[in-house]
Amino acid sequence: MAQYARGAAAVAVIRLRNPPVNALSLTVLQALEDGLKRADADPSVKAVTICGENGKFSAGADIRVFSSPKKQGLGLGPIISLIERSEKPVVAAIEGIALGGGLEVALGCHYRIAHVQARMGLPEVTIGLLPGAEGTQRLPRLIGIPAALDIITTGRHVPATEALKLGLVDEVVEENTVEAAIRLATKLIGQPLGHRRLSLRPVPRLPNMEAFLSDALMKVKKRAQGCLAPELCFQAIKAATELPFADGVRKERELFNILLTSGQAKALQYAFFAERAVEKWTTPNGASWKSASPQPIRKAAVIGLGTMGRGIVTSLVKAKIPVVGLEQDLEYLNTGRKAVMLLLEREAMKMEQGAQTLDFHNPARLQFTVDFDVLRDVDLVIEAVFENMALKKEIFNKLSRICKPEAFLCTNTSALNIDEIASVTNRPQQVIGTHFFSPAHVMRLLEIIYGRHTSPTTIATAMQLAKVMKKVGVVVGNCFGFVGNRMMFPYTQQAVFLLEEGSRPEDVDRVLEDFGFKIGPFRMSDLAGLDVGWRSRKDQGLTGPSLAPGTPARQRRGYRYSPLPDLLCEKGRFGQKTGKGWYQYEKAGGRISKPDPWIHSFLSEYRDTHQIKTRFIDQEEILERCLFALISEGFDILAEGIASGPEHLDVIYINGYGWPKHRGGPMFYASTVGLPNILAKLQKYSEMHPDVPQLRPSAFLKKLVAMGNPPLNDWMSYLHRQSNKL
Ligand SMILES: CC(C)(COP(=O)(O)OP(=O)(O)OC[C@H]1O[C@@H](n2cnc3c(N)ncnc32)[C@H](O)[C@@H]1OP(=O)(O)O)[C@@H](O)C(=O)NCCC(=O)NCCSC(=O)C[C@@H](O)CCCCCCCCCCCCC(=O)O
């Protein structure tokens, strides 16, 4: 709702009220309209202030309305016009946030005052839409085309001080913003308002408007990576430069409706709520975010200053958690320290641009050591050494003896068994997996893996740590590869099998990049280093000296196996780091991949050796085999209770594996393709490749299809688990 009150003798105060973020639901809009009409009709009211409840102006339209049948009633534009037409001055008092429709309401007001801590923005693009309440037409008139384009096509939040410089707000205050707005409104009584009505203003002209716009469009398209909204945001702003206000609004509405019905908006809005849903974690034995409380982390330690450790230290420093970095010897320590300092210098530069500081030269904040004894007083340790069980166990055993009894022990592993690591400690209830993604100070995902004995407090503490580090924590159960890498395995396996059968690395990558992945599986493998998987396969006895003599080249444990990645590693082709992998690079450490004729002839020799008949493989088959195998594994994961819902898998894939957000994550995507279609295709491919178990459709997928393809929200209700993982 919106509360109507008298703020001063002649000023009416309309307070948007819909906790927690004062989203503009149909009820709020109705109340806002009623408040405006009441103020207009009351001759004793001479001015109006609009503000929000609980120190927040508004987070914009209630996103849930867009997927409800009542969306036709969301007539925010006409209400904003009503505000702007008012003969009585209307002042917006912006505290906390004014986002989306919230900022559009403020743009309809004649004046805007913001609290110094407030943030403003039009983030509709991030949920697949554009500002649909005349914001694409008013904002350029207020702050000009370049700034409006930046704000609308990126959806970024603008801090109050920047908003003042841009002219987005008229005043920034540190005091009570509503009182300041009421004072301003009182002063404005009786003054002319015409020039304050943005719809009546012209869009400021640029000398080179056409060239500017065509350059801007190119940049927007490049950033969009298959996402429709940024380009349509651009079109709406361009319309503001070409059309009178009313026609521009009509264009905005037309483009908004295209987006609303595009499917991408649905996927992005699903992703928005999925990210929030995973914060409310539960485990199969009933532990949950509701009853578990996190412990404070006042000091942390990171063991191992390799690529992952460096990023983790950087994340902790950025989160203002004092941290100790530990290495095995002085040589490694010095290399690690230099690398961390370099990362932090870069981060500090970025943060200074946003008027923030990063304190890392103070030894109380960041310390480096080779001495385990220094870890006696830390509250939490993150071990980030080499992916080797024996080494990890040795470290955990040592930690368990040195660290104080309350300290939490986390392992940054991408696949290893948390229970086995915990078994060598005196506190398995405080041991947990924290799987960071590289580069750890950039990637948002933190996969949090509980073991058999992990306590709810430990899970809650790891989740809290994720939040403080501005990461998305996703709680999952313990199995080889957890969720992310376990689903990735069948995907990359199919990619390699496709090479055996006739594709080239660049064919497979192109199909998956066109689908929207940031990089395809082979470019990804070159980036991560082929030696990482090679080492793991050697440890598993799949290749290398421990392989039993006489094992067929293309078969392991009775199933199909491709030795192609192993053969590349044997030739020293580890990817970018060696300048050669599935592609060639300009030099060792180079980043620009070029298809490699050597690989093409190597593949054709390989096919000849193994008498594989090369065939043409179309895009559809590449996409379906890679994605559907991954999705089928996802259904197994759900059925086993490793993740508590499809949103978990989707959040992991979007934030850790470059899955295109506008496709909502693999499980959401599966629901849009239709489970019967996925099942039918998997059955077809499985019949063609009976020696590939990863192409056999998951029993849970089959069950859902048999139950009539229920919507994604209902999937979990079809599982009747007898056992659990805790
Ligand atoms: C606001 C935030 C920055 C706060 O972040 P914080 O971390 O503090 O908290 P959370 O993110 O956890 O949020 C707390 C809580 O609130 C929920 N929530 C947040 N924002 C919204 C929202 N806008 N709507 C609904 N719910 C919201 C969140 O889910 C949490 O809930 P929980 O249960 O988990 O506790 C941050 O939350 C944030 O960034 N929010 C999103 C901001 C945003 O994207 N705003 C834009 C919204 S879209 C919009 O405003 C559109 C407008 O431009 C115009 C709309 C008018 C269009 C009219 C056209 C009608 C169409 C009819 C045509 C039909 C045609 C046809 O059918 O054919």
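Please refer to the structure placed before this passage.
First, a word on scope: everything that follows refers to the structure included in this document.

What counts, and at which threshold
Residues numbered from 1 in each chain as written. Predicted model: local features only at pLDDT ≥ 70, side-chain atom pairs only at ≥ 80, totals over all residues. Heavy atoms only, no water. Helix = DSSP H or I, 4+ residues; strand = E, 2+ residues; numbered from the N terminus. Rg over C-alpha atoms; globule rule 2.2 N^0.38 Å. Buried < 20%, exposed > 50% of the residue type's maximum accessible area, 1.4 Å probe, protein only. Contact = heavy atoms within 4.5 Å. Areas by Shrake-Rupley, 256 points an atom, 1.4 Å probe, with all protein chains shown as cover. Core = buried A, V, L, I, M, F, W, Y, C linked by side-chain atoms within 4.5 Å. Polar contact = N/O pair within 3.5 Å; in protein donor to acceptor, adjacent residues only side chain to side chain. Phe/Tyr/Trp six-rings, centres within 6.5 Å; stacked < 30°, edge-to-face > 60°. Lys NZ or Arg CZ within 6 Å of the ring centre and 35° of its normal. Near = heavy atom within 4 Å. Nonpolar A, V, L, I, M, F, W, Y, C, P; charged D, E, K, R; others polar. Salt bridge = Lys/Arg side-chain N within 4 Å of Asp/Glu carboxyl O.

A closer look at the overall build of the protein
Helix and strand counts for the protein come out as 27 helices and 19 strands. The C-alpha atoms of the protein give a radius of gyration of 28 Å, which matches the 27 Å a tight globule of 726 residues would have. Summarising its shape, the C-alpha atoms of the protein cover approximately 95 × 60 × 55 Å along the three principal directions. When the 726 residues of the protein are sorted by exposure, 56% land in the buried category. Partitioning the intrachain contacts of the protein with sequence separation of at least 6 by distance along the chain shows that 72% fall at a separation of at least 24. Total accessible area on the protein is roughly 31,100 Å²; 53% of this is exposed by carbon and sulfur atoms.

Focus on the nonpolar core
By size, the foremost hydrophobic cluster in this structure holds 103 residues, and its most contacted members are L375 and L627. Among the elements that line this core, the one with the most residues is helix α23 (residues 619-639), at 11 residues. Discounting chain neighbours no more than four positions away, the residues touching L627 are Y491, L512, F515, F517, W659 and Y669.

Here's the deal with the side chain of T283
By the secondary structure assignment, T283 is in the loop between α11 (264-277) and β10 (300-303). Only 2.5 Å separates the side chain of T283 from the side chain of N285, close enough to count as a polar contact.

Considerations on the packing of aromatic side chains
Under the defined criterion, the tally for this structure stands at 16 aromatic pairs. Plain terms: the ring middles of Y653 and Y657 are 4.5 Å apart, the flat faces sit at 15° to each other, and that makes the pair stacked. Of the two residues examined, Y653 and Y657, each falls in the buried class. Taken together, the ring pairs connect Y491, F515, F517, W659 and Y669 into an aromatic cluster. The ring of W289 carries the charged tip of K280 above its face, separated from the ring centre by 5.8 Å. Sitting over the face of the ring of W534, K538 holds its NZ or CZ atom 3.6 Å from the ring centroid.

Structural notes on unusual backbone geometry
Residues other than glycine predominantly adopt negative phi, and peptide bonds predominantly adopt the trans conformation. Note that the residue after P19, namely P20, is joined by a cis bond; omega there is 5°. Here S438 and P439 are connected by a cis peptide whose omega angle stands at -5°. Inspection of the secondary structure puts P439 in the loop between β15 (431-436) and β16 (445-450). Here the phi dihedral of E134 falls at roughly 75°; this positive angle occurs in a residue that is not glycine. With respect to the element layout, E134 can be found in the loop between β7 (119-121) and α4 (135-143). In this structure E134 comes out as buried when scored by relative accessible area, which is 8%. One non-glycine residue, Q225, lies in the positive phi region at around 45°. Within the secondary structure, Q225 sits in the loop between α8 (209-224) and α9 (229-242). A relative accessible area of 43% places Q225 in the partly exposed class.

A short note on helix α25 (residues 666-673)
Within α25 the residues assigned to the buried category are P666, M667, F668, Y669 and A670. Those residues of α25 that are buried lie in contact with α11, α17 (484-501), α18 (505-515), α23, α24 (646-656) and α26 (675-688). Directly after α25, the chain includes G674, whose backbone phi takes a positive value near 100°.

Considering the site of the ligand
Contacts to the ligand come from 31 residues, most closely from A59, G101, E104, E124 and R276. At 2.8 Å, a backbone N or O of G101 approaches an oxygen atom of the ligand. A distance of 2.5 Å separates an oxygen atom of the ligand from a polar atom in the side chain of E124. Surface burial for the ligand is 78%, taken as the share of its 1,300 Å² of free accessible area covered by protein chains. Residue assignment for the shell around the ligand shows that the elements contributing at least two residues are β5 (97-99), α3 (101-108), α10 (245-260) and α11. For the shell around the ligand, the leading source of residues is α10, giving four residues. For the shell around the ligand, the per-class residue count stands at 18 nonpolar, six polar and seven charged.

Focus: the pattern of salt bridges
The tally for this structure, following the rule as stated, stands at 43 salt bridges. For D379, the salt bridge goes to K404, with nearest N and O atoms at 2.7 Å. Pair noted here: D379 is in the loop between β12 (366-369) and β13 (380-383) and K404 is in the loop between α14 (389-402) and β14 (408-411), with a separation of 25 residues, a long-range link. When its relative accessible area of 10% is taken as the criterion, D379 is described as buried. Between D507 and R510 there is a salt bridge; the shortest N-O distance is 3.8 Å. In this pair, D507 and R510 are both assigned in helix α18, three residues apart and thus about one turn of the helix distant. Under the relative-accessibility criterion, D507 is labelled buried at 17%. Put simply, E500, E501, R554, R560, R615, E621 and R625 are held in one network by salt bridges that share partners.

Read these as spatial facts, not as claims about activity.
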